Amino acid sequence: MARDNDIDFKQMALVVVVILIGAILTFSATRESVRSADDEARARFQSAAALYVNRIKSEFVHGLSSAEDLFHYYEAYDEYNDTTFNRMVVASSALNRNRKVVGVVIAVDDGNRADFLDYAREKNGPDFEISKPWKIDMPAEPGARSFPFLYAWSEDEGRAARWRGLDFGAHAQINTFFEETLANGKPSGILLPQLENKKEGCVLLAYPFARSRENATGLVVQLVDLPRMVQFALESDRLAGLNATFSSFWGQGAFQQTLGLVDWKLSEEATPSPEEKPWVSVREMEVGNHTWRVAAWAPYSQFKADYSAAFIAASVSLLLTGLVVFIVWSQSQRAKRVIDIVNRRTRALKEAHDELEQHYKLLQNLNKDVEEARRSAETANRAKSEFLATMSHELRTPLNAILGFSQLLQEQALGPIGDPRYVEYSKDINASGTHLLSIINDILDLAKLEAGKIRIEHKVLSTRSLVERAIALMSQQAKGKGLDLRSEFASNMPDRIFGDELRLRQILINLGSNSIKFTNSGSVVIRLHPKPFPTGQAGWVLEVQDTGIGIPEEKQSTLFDRFTQVDTALSRRHGGVGLGLAICRELVDRMEGKISVRSTPNVGTTVRAHLPLEIADTEDDDDGMI
């Protein structure tokens, strides 16, 4: 009896020890889970705050980049005026989205005021005058330069008219920012006090430039509606509930502007007090050449810690404690269960191993089938390419004879033909044969590209000669439709470069012929100008712009596909099978370039080939060695 009591006492003591250890482990695991939940909630907020700041910064960077593109067009285009400026802004969503005003301001002092007014009246009309804002809280210092708007765009045409000619630099803080940006020569942005509506806050983005032809300096400015832009860029479930206070500084700290946003709206509400346990993250954001301070914050409930893991940890710890207690009382049964589980798992693993071996053998057989199918497809593709190349050569031989004889009949080189209708018939035969020969040449080029038989040459060529020869070949086609076919070269576009003159001419003629074909009135302009790639590699742009019928946006993504026609009815009227642009894309890809299209229906189309640029020195020219 005493022995049994002793055993019971030992078992009870063991149970008490297990319970104490379980309680300690439960407390430790629960406390660690609570700490992990708090850290996770803090990390989620920090990640959301970083995403909040990065998206806003991305919108500003994109806006400044679009302003740079707008200036380059402004610099390259001699006939630029207010209408052209408005059209360019409307065509660029990065410039007109969430913008109150987009414009060009020019730095004007007593020395160039008269020249500026003459130029502005030439571009905007004789009524153009420089005006002062109706209310100036802090006027610029006497003798400071003016910054009137030469061009101004706004969704509100009345606002655009009011701002055109307005001296935006009459405000001291804005004048200081403009002078600071021009001195640095780098784009920048600041928060702007409310100028017309006190319920709206704006961001002033400025891209400085110096226009050589007019010997003028100025800035492309954008007034961004900050609440609308933030709501557009950030409205998502992950970022909902985030608020922020933005602060920007300029004039070496002399000026500061702060704006707060709560639920996408301007607010003077301050960050909640520490007693409310808000989430707060203060970050710096580079906007051009200026550094902003952004304090992102959210109520504690928005990123509330999830303590379900702590509850689960406590429950599991208690359950394990009870399980250990149960194990102490049922040692023998546990051993039997463990052995039984081990045996079942062993059988299951063996069955799984056998099944995996069967799947492995099946996959090996499938790989063999796939490899055989791939080889068969490659063989069929090579046979198709060789057949197309052979048939194209075989077709071109008799077709050239047909074209030659039809040309003889058309010109009556062997003597007059009795009936003039035969002359007309010979013209039709020649025109149809020429069209068929063009299609066969396209098919042959495509077959050569697929077979890898076209090699891109690397020789010295003259860009001006390249364009002039292409225009000479297309001039008759343009003249027949009454179109203005011309070329424009950027002043810094080199004449002698390395490239494949034959393939570049083929690309240029394909693009130019397409533009002439689908343009009924107006002009077709070929432009060349240097432009580096985003990676920093030197590059140049070959651009063909027309005032034709344009291409719907939903058709532009398939424009460079093979045998693709934008409009079947137009294709039947103008001819073609949809291979020209596909060949252009293949050739541009072989040259390690990129081809793109921008088009607006009933306005016109611009096709741009961006190619690597390698300038040729005089000693690189083989002709110079003869």
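A quick note: this is a predicted structure, and the numbers were derived from the prediction, not measured.

1. Details of the overall build of the chain
And then number 1: Counting secondary structure elements, the chain contains 15 helices and 17 strands.
And then number 2: Out of the 626 residues in the chain, the part that is buried amounts to 40%.
And then number 3: For the chain, the proportion of contacts with a sequence separation of at least 24, taken over those separated by at least 6, is 72%.
And then number 4: Element-wise, carbon and sulfur atoms account for 55% of the exposed surface of the chain, whose accessible area totals about 35,600 Å².

2. Overview of the sheet that holds strand β1 (residues 99-106)
And then number 1: In space, the five strands of this open sheet follow the order β2-β1-β5-β4-β3, with antiparallel pairing throughout. In the strand order of this sheet, the two ends are held by β2 (149-153) and β3 (188-192), each with one partner. Ignoring which end each strand starts from, the neighbouring axes of this sheet average 20° apart.
And then number 2: As paired elements, β1 and β2 share four bridges and run antiparallel to each other. Opposite V104, over in β2, you have Y151 as the bridge partner.

3. What to know about the pairing of strand β15 (residues 539-546)
And then number 1: Burial analysis of β15 places seven of its eight residues in the buried class, the great majority of the element.
And then number 2: With seven bridges joining them, strand β14 (residues 523-530) and β15 adopt antiparallel strand pairing. Considered in β15, the bridge of H529 is made with V541.
And then number 3: In the sheet, β15 pairs with strand β17 (residues 604-612) via eight bridges, with the strands oriented antiparallel. Paired with Q545 across the bridge in β17 is T606.

4. Things to note about the side chain of S146
And then number 1: Inspection of the secondary structure assignment puts S146 in the loop between α4 (113-124) and β2.
And then number 2: Among the polar contacts made by the side chain of S146, one reaches the side chain of R113 at a distance of 3.4 Å.

5. Considering the environment of L234
And then number 1: Counting through the fold element by element, L234 comes out in helix α7 (residues 226-234).
And then number 2: Taking C-alpha positions, L234 is 6.7 Å from Y52, a pair spaced 182 residues apart along the chain.
And then number 3: Those residues within four positions of L234 in sequence are excluded, and the remaining contacts are L51, Y52, R55, I56, L239 and W264.

Conventions adopted
- Residues numbered from 1 in each chain as written.
- Predicted model: local features only at pLDDT ≥ 70, side-chain atom pairs only at ≥ 80, totals over all residues.
- Heavy atoms only, no water.
- Helix = DSSP H or I, 4+ residues; strand = E, 2+ residues; numbered from the N terminus.
- Buried < 20%, exposed > 50% of the residue type's maximum accessible area, 1.4 Å probe, protein only.
- Contact = heavy atoms within 4.5 Å.
- Areas by Shrake-Rupley, 256 points an atom, 1.4 Å probe, with all protein chains shown as cover.
- Pairing = 2+ DSSP bridges.
- Axes fitted to C-alpha atoms, helices over the stretch in contact; angles between N-to-C directions.
- Polar contact = N/O pair within 3.5 Å; in protein donor to acceptor, adjacent residues only side chain to side chain.

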